[in-house]
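Chain by chain, the residues run as shown.
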Amino acid sequence: MPLPQEFHDIAARVNNWGRWGADDEIGTLNLITDEVVRAAAATVRSGRRIPLALPLRQDGVQTGMIPGRVNPLHTMTAINQEIFGPGTVATSDDAVTMGLQAATHWDGLTHVSHSGRLYNNRPAGAVTAHAGATVLGIEKATPITSRGVLLDVARAHGTDLLPGGHAVTPEDLDAAEELAGTTVRAGDIVLVRTGQLRHYLAGDRQAYAFPSPGLSLRTPEWFHARDVAAVANDTLTFEIFPPEIEDLWMPVHALDLVEMGMLQGQNWNLEELAAACAEEGRYSFFLSAMAEPFVGGSGTPVAPVAVL
């Protein structure tokens, strides 16, 4: 179905095209300034480091629902091979084939388009079969290190896991922000916990994929108002799936990536972080989530680390 007027109205309110110049290719990452990073570093108290990435494995989160997005296929290309002759140092090498968005990842600004356009009014045709993203590629992303804020929506609802049909609303984000005891500010990276990943960690990939709680059509305005630099969560689809408006697929992707120029992450493991934040009574931390610079990539694997 055509994008409804409600979508276009929200798009007009969150649009960042031209905000950082006509040539900008990094969108809201512009909000991560030197001052923001210095303030983020000041949140480190204990030095406790919590990894947020899923292991890259052949029986990963992908079920075949998304065509071409294959779990990592790991192959040994050399095993204890004495390549410089008998008795020399032996080497082992390996290779991997995988979707760049197969596991814990960032969606790049060319991951989706709408109405023939990408972020900052670039043509969708700039994504090509041979070169990939000729503009806005994930390699353009600047270092993604900032203050992270965990908005534990599940905990704010008094549960470990939101139901599959739960659309996370701005009111949910407000409640999680109040629980966190901090205010989301410009340049922050927001991590939204639904608890959905618990299905996958328990061995049920299908339940993890569908149905899934996720961000609602109303949340991009919440992030835009606070000048958030990037958003990630613990689901396969990021936004609620199936969609909250029948036959309106991936509208939050389009608003975040195309209109705002804001990276979004999926399949982040927030379980250990949520427990640590609850234990320590604080929900902000230093977050390192560097994008692997795949030239022309529309997304990238990431191994984020929160430092408390």
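Keep in mind that what you see is a predicted model, and the values were worked out from it rather than measured. Within any chain, residue numbers begin from 1 and follow the written order of that chain's sequence. With the structure being a predicted model, the display of local features is reserved for residues of pLDDT at least 70 and the display and counting of side-chain atom pairs for 80 or more, all residues being used for whole-chain, interface and lining totals. In computing side-chain values, all of the structure's heavy atoms are included and hydrogens and water are not.

Caption draft 1: Structural detail: unusual backbone geometry. Omega for the bond connecting Phe210 with Pro211 falls within 30 degrees of zero, at -10°, which places this linkage in the cis form. Turning to its location among the elements, Pro211 is positioned in the loop between α6 (205–209) and β12 (214–215). Between Phe241 and Pro242 the backbone carries a cis peptide bond, its omega angle lying at 0°. Secondary structure elements are taken from DSSP: a helix is a run of H or I of four residues or more, a strand is a run of E of two residues or more, and numbering for both begins at the N terminus. With respect to the helices and strands, Pro242 occurs in the loop between β13 (230–233) and α8 (251–260). Of note, Asn120 is a non-glycine position whose phi angle comes to about 60°, a positive value. Within the element layout of this structure, Asn120 appears in the loop between β5 (117–118) and β6 (122–123). Classification of Asn120 by relative accessible area gives buried; the value is 7%. Even without a glycine there, the phi angle at Met250 is positive, about 60°. With respect to the helices and strands, Met250 occurs in the loop between β13 and α8. For Met250, a relative accessible area of 39% gives the class partly exposed. The classification of residues rests on relative accessible area computed with a 1.4 Å probe and restricted to protein chains. Under 20% of the type maximum is buried, over 50% is exposed, and intermediate values are partly exposed.

Caption draft 2: Focus on the environment of Ile26. Its location among the elements puts Ile26 in the loop between α1 (5–14) and α2 (34–41). Of the residues examined, Ile26 reaches a relative accessible area of 15% and is grouped as buried. Each C-alpha atom of the pair Ile26 and Ala291 lies 12 Å from the other, and the pair is 265 residues apart in sequence. When sequence neighbours within four positions are dropped, the list of residues in contact with Ile26 reads Leu109, Lys140, Ala141, Thr142 and Gly261. Residue contacts follow a heavy-atom distance rule, with two residues in contact if any of their heavy atoms lie within 4.5 Å.

Caption draft 3: Molecular detail of the layout of surface pockets. When its volume is computed, the largest pocket comes out at roughly 300 Å³. Residue lining of the largest pocket: 14 residues in total, with Ile66, Thr237, Phe241, Met250 and His253 positioned closest to the centre. In the lining of the largest pocket, the residues fall into 8 nonpolar, 4 polar and 2 charged. A cavity here means a set of points on a 1 Å grid, drawn over the protein atoms and nothing else, where a 1.4 Å probe fits but cannot get out; a pocket is an open set with protein on both sides within 12 Å along at least five of seven lines, and a residue lines either one if it has an atom within 4 Å of a point. Grid points are joined across faces, edges and corners, and a volume is the space filled by probe spheres set on the points. For this classification, the nonpolar set comprises Ala, Val, Leu, Ile, Met, Phe, Trp, Tyr, Cys and Pro, the charged set comprises Asp, Glu, Lys and Arg, and every other residue, Gly included, is treated as polar.

Caption draft 4: Structural context of the packing of aromatic side chains. Pairing of aromatic rings covers Phe, Tyr and Trp, the last counted by its six-membered ring, and requires centre-to-centre distances within 6.5 Å; plane angles under 30 degrees mean stacked, over 60 mean edge-to-face, and any other angle means tilted. Overall, the coordinates contain 5 aromatic pairs when judged by the stated rule. Ring geometry for Tyr200 against Tyr208: centres 6.1 Å apart, planes inclined by 45°, an arrangement best described as tilted. Consider the rings of Phe241 and Trp249, whose centres lie 5.7 Å apart with planes at 55°: the pair is tilted. In our convention, an over-ring charge means Lys NZ or Arg CZ found within 6 Å of a ring centre and within 35 degrees of that ring's normal. Across from the ring centre of Trp222, 3.8 Å away, lies the NZ or CZ of Arg226, which sits over that ring.

Caption draft 5: View of empty space enclosed by the protein. Tallied over the full model, the rule gives 2 cavities of 30 Å³ or more. If you add up the space inside the largest cavity, you get close to 50 Å³. Classifying every residue of the lining of the largest cavity gives 7 nonpolar, 2 polar and 1 charged. Its boundaries defined by the atoms lining it, the second largest cavity holds a volume of some 40 Å³. Looking at the second largest cavity, the residues that line it are Leu54, Pro55, Leu56, Arg57, Gly60, Val61, Asn71, Pro72, Ala102, Ala103 and Tyr200. In the lining of the second largest cavity, the residues fall into 8 nonpolar, 2 polar and 1 charged.

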